[in-house]
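Per-entry structural report
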Amino acid sequence: MISVCMATYCGQDYLRKQIDSILCQLDKDDELVISDDHSEDHTTDIIQSYADPRIRLYENELAKGVTHNFENALNKSRGDIIFLADQDDVWYPHKIKEMTAFLLQGDYDLVTCNCALTDADLNVIEPAYYVNESPVDRRVWGNFVADLWLGCCMAFKRKILEDVLPIPRYLAAHDMWIAMYSQMHFKCGYYPHVLQLYRRHENTVSFAGEKSTNSLWYKLGYRLYMAWFLLWRHPKRKEVNI
């Protein structure tokens, strides 16, 4: 069973194209789990208009913000393989099939793919986000200094959730936490094919957005905070690839 976990917040301008690009890839027993962080626009109306049993919509029950909004969706998921989805991207029709096959055939625990960068209107700016190296090419602390991971490109097995949840309360980047913890304790792989359009615009809520709302001190602070948890949390697996 596949679970696609999406966090939404005031995403009415882009949401429908993303949902359409995901639903066409899901089987009847798969699910699109959406956690909405108290949107003030028509986001939830758009989601409910689908009346599709594969869509499971929840209101965020955790701390406000993208990290714990995603955590709320992950908590509600039931699938054996989990994908993270941003509300404003567009997936290629074969993304789930190709990444699932790569994950299972390579006996990986977490995998990531490549993506094309676009502007707000989906005009391609860069045909590939990863050109010279992928996040898997770097060791953990290389990504800690200059993170290459994109949550929207990741898929992983359910057993990872047993270790990464709950996400530390004040952590600012859910994908960075999941990816780096997985690099330390699980087998990660990179699938070099472009499988989605990654939309960058002024309202992007991420550290890789066109106009980040996060200060330098904030970015330094969350890295120090996360480093403490990476070293402190006792994993069930002892292999560490630093």
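Per chain, residue numbering runs from 1 following the sequence as it is written. Reporting of local features is limited, given that this is a predicted model, to residues whose pLDDT is at least 70; pairs of side-chain atoms are given and counted only at 80 or more, and all residues count toward the totals for whole chains, interfaces and linings. Think of the side-chain values as coming from all heavy atoms in the structure, minus any hydrogens and water.

Here the aromatic set is Phe, Tyr and Trp, taking the six-membered ring for Trp, and pairing holds for ring centres within 6.5 Å; pairs whose planes are under 30 degrees apart are stacked, those over 60 apart are edge-to-face, and all others are tilted. Under the criterion given, the structure shown has eight aromatic pairs. Look at Phe-83 and Trp-91: their rings are 5.9 Å apart centre to centre, the planes differ by 50 degrees, and that puts the pair in the tilted class. Taken as a pair, Phe-83 and Trp-91 share a single burial class, namely buried. Each member of the aromatic cluster is reached from another via a ring pair, and the members are Tyr-129, Tyr-130, Tyr-190 and Tyr-198. Sitting above the plane of the Trp-91 ring, Lys-95 keeps its charged end 3.6 Å from the centroid. Two limits define a charge over a ring: the Lys NZ or Arg CZ must be within 6 Å of the ring centre, and within 35 degrees of the ring normal. Across the ring face of Tyr-108, the terminal group of Lys-187 is positioned such that the distance to the ring centre comes to 5.0 Å. Any residue under 20% of the maximum accessible area for its type is buried, any over 50% is exposed, and the rest in between are partly exposed; the area is computed with a 1.4 Å probe on protein chains only.

Quick look at the side chain of Asp-109 now. In this structure, Asp-109 sits in the loop between helix 4 (95-105) and strand 6 (110-118). Among the polar contacts made by the side chain of Asp-109, one reaches the side chain of Lys-159 at a distance of 2.9 Å. Among residues more than four places away in sequence, those in contact with Asp-109 are Leu-103, Ala-155, Phe-156, Lys-157, Lys-159, Ile-160, Phe-186 and Lys-187. Helix and strand labels come from DSSP, where a helix needs a run of H or I of at least four residues and a strand needs a run of E of at least two; each type is numbered from the N terminus. Nitrogen and oxygen atoms within 3.5 Å of one another constitute a polar contact, given that in protein one can donate a hydrogen and the other can accept it, and given that sequence-neighbouring residues count only through two side-chain atoms. What makes two residues a contact is simply this: any of their non-hydrogen atoms within 4.5 Å.

This paragraph deals with the nonpolar core. Among the nonpolar cores identified, the biggest contains 36 residues, and Val-4, Ile-19, Leu-32 and Phe-83 are the most heavily contacted of them. Those residues in contact with Leu-32 that sit more than four places away from it in its chain are Val-4, Met-6, Ile-19, Ile-22, Leu-23, Leu-26, Arg-54, Ile-55 and Arg-56. In terms of nonpolar packing, the next biggest core, distinct from the first, is built from 34 residues, Leu-84, Leu-165, Ile-167 and Leu-171 among them. What makes a nonpolar core is a set of buried Ala, Val, Leu, Ile, Met, Phe, Trp, Tyr and Cys residues whose side-chain atoms join them at distances within 4.5 Å.

In this section: the pattern of salt bridges. Salt bridge criterion: a side-chain nitrogen from Lys or Arg within 4 Å of a carboxyl oxygen from Asp or Glu. Evaluated as defined, the whole model comprises nine salt bridges. In this structure, Glu-61 engages Lys-76 in a salt bridge whose closest nitrogen and oxygen atoms are separated by 3.2 Å. Placement of Glu-61 in the loop between strand 3 (55-59) and helix 3 (66-76) and of Lys-76 in helix 3 is noted, with a sequence separation of 15 residues between them. Assessed through its relative accessible area of 22%, Lys-76 is described here as partly exposed. A single salt-bridge network, built from bridges that share partners, covers Glu-31, Arg-56 and Arg-78.

To continue, consider unusual backbone geometry. With an omega of 0 degrees, the peptide bond running from Leu-165 to Pro-166 counts as cis. You can see Pro-166 is positioned in the loop between helix 6 (159-164) and helix 7 (174-185). Positioned with a positive phi, His-38 is a non-glycine residue whose angle comes to about 60 degrees. Tracing the sequence through the fold places His-38 in the loop between strand 2 (31-36) and helix 2 (43-49). You can call His-38 partly exposed: its relative accessible area is 37%. Even without being glycine, Ala-51 reaches a positive phi, approximately 50 degrees. Tracing the sequence through the fold places Ala-51 in the loop between helix 2 and strand 3.

Mapped onto the elements, Ser-35 comes out in strand 2. Ignoring anything within four residues of it in the chain, the contact list for Ser-35 reads Met-6, Ala-7, Thr-8, Tyr-58, Glu-59, Asn-60, Asn-69, Asn-72 and Ala-73.

When you tally the buried positions in strand 2, you get six out of six residues, the bulk of the element. On strand 2, burial covers both faces: Glu-31, Val-33 and Ser-35 on one face and Leu-32, Ile-34 and Asp-36 on the other are all buried. Paired strands, in this sense, are two strands between which DSSP finds at least two bridges. With six bridges joining them, strand 1 (residues 2-8) and strand 2 adopt parallel strand pairing. Within strand 2, the position partnered with Cys-5 by the bridge is Val-33. A clockwise course of the path from the first strand over the helix to the second, judged with the strands pointing away from the viewer, identifies a crossover as right-handed. Regarding topology, helix 1 (residues 15-23) serves as the crossover connection from strand 1 to the parallel strand 2, and that connection is right-handed. Chirality of the crossover, the property in question, places the unit of strand 2, helix 2 and strand 3 among those that are right-handed.

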